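These are the residues of each chain, in order.
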Amino acid sequence: MQLLSEQEVLRRQKREELSKLGFNPYPADLFEVNVTAADIHKNYERDKLNYKNISLAGRLMSFRVMGSAAFAELQDSTGRVQAYFKRDDLCPTEDKTLYNTVFKRLLDIGDIIGIKGYVFTTQTGEITIHVTDFKVLTKALKPLPIVKREVDEAGNEKVYDAFEDAEQRYRQRYVDLIVNPDVREVFRKRSQLMTTIRQYLNEKSYLEVETPILQPLYGGAAARPFKTHHNTLDMTLYLRIANELYLKRLIVGGYDGVYEFAKDFRNEGMSRFHNPEFTQIELYVAYKDYKWMMELVEELIEKIAMDLHGTTQVKVGENLIDFKRPWKRFTMFEAIQHFTGVDISQLNENELREAAQKLGVETDSSMGKGKLIDEIFGEHCEKKLIQPTFIMDYPVEMSPLAKKHRSVEGLVERFEAICNGKEICNAYSELNDPIDQRKRFEEQLELGKRGDAEAMLLDEDFLRALEYGMPPTAGLGLGIDRLTMIMTGQPSIQDVLFFPQMKPEKVVQQATAEDYKAVGISDDLIPVVIKLGFFTIEDLKKANANKLHNDVCGMRKKMKLDNVKNPTMEEVAGWLAS
């Protein structure tokens, strides 16, 4: 049984009343819109003649009735605008139902209406729509949280009763978007960020492509996959953890540059920086290397900052981050020595494990050299890199898909860009030697046997593709979610995902009439107990017997149930004891 508040019950009654009066609360026909709230505020003062016959739709966010006239505030996708309703203009005949009944009694905050009229300026100087006709488009059955906003004498906005609870906001993003305009702006900027990237790459004539999400072998990153089963083929499939290996197949096939905005999935922990489903863009360009790709990343992200903010400087929490080129550069070993004072460049696996333990880094027997170095860097370096910085020239053990360094033994040509303490992109001079690649895969298999759940699998088809010949290639993976966090100053990845992954919501199941009767409550007193807010037997049993007795007797009287007898104190105590 659905639990309904008093407001929800009342709104359902209003819905029925609208229908009985002949006003469909959910009409099927279109409502023509020829203006937006933002357009009115921006252009009305300089072009008043074009606002004499406007049609706008939006959600009622406030209204105040003053007898035969009323003011309301409508919100559309661009913002809010004030509307003025006058009874005699809406109802020029003797029938005043549209104003007196529909507008004054049956509309609520949250309802969606369409209005027609003309724009004018009130005596207080506020741009307002004088409504000559309106139509109910959607009757809202749940009340919105009322966020009150006031502007003080200094022009500062104060917000009261804000919808701020993080779990509620993420679970009910639709409500969050309605009542918190700043949230809508975050997602507009996310879209603008992706548009900038797409335009930038398209101008370079790189091809946007799509590759499989369901894969028979997962690869392209070190991560645990989500696993599923295809019934018709009777085979195990995995949600992709990266799209790298398929995009490289396309470079083998003859494209000079390909990219994909990809939804990827990693079956790992959740945090402010991790969601099991995330978005990244991967880019592969033939005949380039990782140094060329570093310059592209600098140029692209600087451009994103300029497009979104008009400056290369972005405020993130207490940090002012500047994306102006050039960025600082460290090799992996230089960064670790800079922040820890320890040179690990010549250490073997056992010596690395000892060094990690001395630095307070937790280790286990499954960790090879690459994992140990990664843990040291993550614990002591990454979080200290606030301004955009390239970390480059990684140990070969950390990078099974990157080409060996052209001049330094034991390293690969790889970089990551770190900003605000977190990685935002990863790039290589891509390994295109199929013999070397097979050996690296086989080393990953050995790590898997040692218990490394994130070790890569050996992909025979990818190796076959390399054997046909892949040109020298630079590859990039850029995290859209984390970059959006930085560009919009958001503290958590959940704030830049419309619908982040959440634990299952606890749903309260209301007790049935039989449940109430089972503890001794008579049929005629069940409505009284429910009216008091005891929707479950568990809640009922938490009550104080004396208070519950007094409340039941008082509610019975308030509900005017004169034919219903009050329960005795002993009967109420029995409900709680049964």
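Further up the page is the structure itself.
Source: prediction; values computed, not measured.

### Brief notes about the pairing of strand β20 (residues 473-479)
Point 1. The element β20 is largely enclosed, with a buried count of 7 among its 7 residues.
Point 2. Burial along β20 is two-sided: the residues T473, G475, G477 and G479 and A474, L476 and L478 are all buried.
Point 3. Relative to β20, strand β19 (residues 422-429) is paired through 5 bridges, and the arrangement is antiparallel. When the bridges of β20 are listed, N426 appears paired with G477.

### Section: unusual backbone geometry
Point 1. The step from R325 to P326 runs through a cis peptide bond, and the omega angle for that step is -5°.
Point 2. Secondary-structure assignment places P326 in the loop between β15 (319-322) and β16 (328-331).
Point 3. Of note, the phi angle at Y287 is positive, near 65°, even though the residue is not glycine.
Point 4. Checked against the element boundaries, Y287 lands in the loop between β13 (277-286) and α9 (290-309).

### What about the sheet that holds strand β5 (residues 127-138)?
Working definition: the strands of a sheet are paired by backbone hydrogen bonds and lie parallel or antiparallel to each other.
Point 1. With mixed pairing, the 5 strands of this closed barrel are ordered in space as β1-β2-β3-β5-β4. Across the sheet, the mean angle separating the axes of adjacent strands is 50° when strand polarity is ignored.
Point 2. Bridge count between strand β3 (residues 79-86) and β5: 4 bridges; the pairing is parallel. Bridge pairing in β5 links A83 to I129.

### Here's the deal with the sheet that holds β20
Point 1. With mixed pairing, the 8 strands of this open sheet are ordered in space as β8-β12-β13-β20-β19-β18-β17-β16. Where the open sheet ends on each side, the last strands, each with one partner, are β8 (207-208) and β16.
Point 2. Of the strand pairs in this sheet, β8 and strand β12 (residues 257-265) are connected by 2 bridges, and their pairing is parallel. Residue pairing in the sheet places E208 in a bridge with Y259 of β12.
Point 3. Across the sheet, helix α10 (residues 332-340) lies against β16, β17 (389-395) and β18 (411-419), angled at about 95° from β16, the strand it touches most.

### Some words on the packing of helix α11 (residues 349-358) against helix α12 (residues 369-380)
Point 1. In contact at an axis separation of 10 Å, α11 and α12 are set at 25° when each is read in the N-to-C sense. Taken together, α11 and α12 sit at an angle that is classed as roughly parallel. As α11 runs across α12, the sense of the crossing is left-handed. Across the interface between the two elements, E349, L352, R353 and A356 from α11 touch K369, L372, I373 and I376 from α12.
Point 2. The residue makeup of the contact of α11 with α12, split by class, is 5 nonpolar, no polar and 3 charged.

### Quick word on the environment of L320
Point 1. Topologically, L320 is positioned in strand β15.
Point 2. Judged by relative accessible area, which is 44%, L320 ranks as partly exposed.
Point 3. For the pair formed by L320 and Q387, sequence separation is 67 residues and the distance between their alpha carbons is 8.4 Å.
Point 4. Apart from the residues lying within four places of it in its own chain, the contact partners of L320 are Q313, V314, K315 and Q387.

### Observations regarding α12
Point 1. With 12 residues, α12 extends 17 Å between its outermost C-alpha atoms, agreeing within 8% with the 16 Å of an ideal straight helix rising 1.5 Å per residue.
Point 2. Of the positions making up α12, those classed as buried are G370, L372, I373, I376, F377 and H380. Buried residues of α12, seen end-on, are gathered within an arc of 170° and therefore sit on one face of the element.
Point 3. Buried residues belonging to α12 abut α10, α11, β17 and β18.

### Re a negative patch on the surface
Point 1. A surface patch of negative charge is lined by E362, D364, D374, E375 and E379.
Point 2. Assignment of secondary structure puts E379 in helix α12.
Point 3. We classify E379 as partly exposed; its relative accessible area is 39%.

### Details of the nonpolar core
Point 1. Among the nonpolar cores identified, the biggest contains 41 residues, and I197, F323, F415 and M487 are the most heavily contacted of them.
Point 2. In this structure, Y284, A335, F377 and Y428 belong to the second largest nonpolar core, which totals 40 residues.

### Description of the pairing of β17
Point 1. For β17, the buried fraction is high: 7 of the 7 residues fall into the buried class.
Point 2. As paired strands, β16 and β17 are joined by 4 bridges and run parallel to one another. Counted as the bridge partner of F330 is I391 from β17.

### Comments concerning the packing of helix α13 (residues 434-449) against helix α14 (residues 460-467)
Point 1. Packing of α13 against α14 leaves a shortest axis separation of 9 Å and a crossing angle of 160°. When the axis of α13 is compared with that of α14, the two are roughly antiparallel. α13 and α14 meet at a crossing whose hand is right-handed. Every residue of α14 that contacts α13 at P434, Q437, R438 and F441 is listed here: E460, F462, L463, L466 and E467.
Point 2. Of the residues that constitute the contact of α13 with α14, the class distribution is 5 nonpolar, 1 polar and 3 charged.

### Quick word on the state of the cysteines
Point 1. Counting across every chain of the model gives 0 disulfides.
Point 2. Free of any disulfide, C425 has its nearest neighbouring cysteine sulfur in C419, separated by 10 Å.

### Concerning the packing of aromatic side chains
Point 1. Per the stated rule, a full pass over the model turns up 17 aromatic pairs.
Point 2. Summarising the aromatic geometry, the rings of Y259 and F261 are spaced 6.1 Å apart at their centres and angled 85° between planes, so their arrangement reads as edge-to-face.
Point 3. With 6.2 Å between their ring centres and 40° between their planes, F498 and F499 make a pair best called tilted.
Point 4. Three or more aromatic residues link up through ring pairs in this structure, and these residues are F63, F85, Y99, F103 and F134.

### Observations regarding the pattern of salt bridges
Point 1. Applying the stated criterion across every chain yields a total of 42 salt bridges.
Point 2. The shortest N-O distance in the salt bridge between K303 and D307 comes to 3.6 Å. A residue pair is termed a helical-turn pair when its members lie 3 or 4 positions apart in one helix, as K303 and D307 do in helix α9 at 4 residues.
Point 3. One salt bridge connects D551 with K547, and the closest N-O pair in it is separated by 2.8 Å. Separated by 4 residues within a single helix, D551 and K547 lie in helix α19 (residues 545-558), roughly one turn from each other.
Point 4. The exposure class of D551 is partly exposed, given its relative accessible area of 26%.
Point 5. The class of K547 is exposed, set by a relative accessible area of 52%.
Point 6. Salt bridges linked by common partners bring K14, D108, D111 and K139 together as one network.

What counts, and at which threshold
- Residues numbered from 1 in each chain as written.
- Predicted model: local features only at pLDDT ≥ 70, side-chain atom pairs only at ≥ 80, totals over all residues.
- Heavy atoms only, no water.
- Buried < 20%, exposed > 50% of the residue type's maximum accessible area, 1.4 Å probe, protein only.
- Helix = DSSP H or I, 4+ residues; strand = E, 2+ residues; numbered from the N terminus.
- Pairing = 2+ DSSP bridges.
- Axes fitted to C-alpha atoms, helices over the stretch in contact; angles between N-to-C directions.
- Contact = heavy atoms within 4.5 Å.
- Parallel < 35°, antiparallel > 145°, perpendicular 65-115°, else oblique.
- Left-handed = near helix turned anticlockwise from the far one by under 90°.
- Nonpolar A, V, L, I, M, F, W, Y, C, P; charged D, E, K, R; others polar.
- Expected span 1.5 Å × (residues − 1).
- Arc of directions from axis to C-beta.
- Patch = residues over 30% accessible without salt bridge, like charges linked within 9 Å, V, L, I, M, F, W, Y side chains within 5 Å.
- Areas by Shrake-Rupley, 256 points an atom, 1.4 Å probe, with all protein chains shown as cover.
- Salt bridge = Lys/Arg side-chain N within 4 Å of Asp/Glu carboxyl O.
- Lys, Arg positive; Asp, Glu negative; His and termini not counted.
- Charge placed at Lys NZ, Arg CZ, Asp CG, Glu CD.
- Core = buried A, V, L, I, M, F, W, Y, C linked by side-chain atoms within 4.5 Å.
- Disulfide = S-S within 2.5 Å.
- Phe/Tyr/Trp six-rings, centres within 6.5 Å; stacked < 30°, edge-to-face > 60°.

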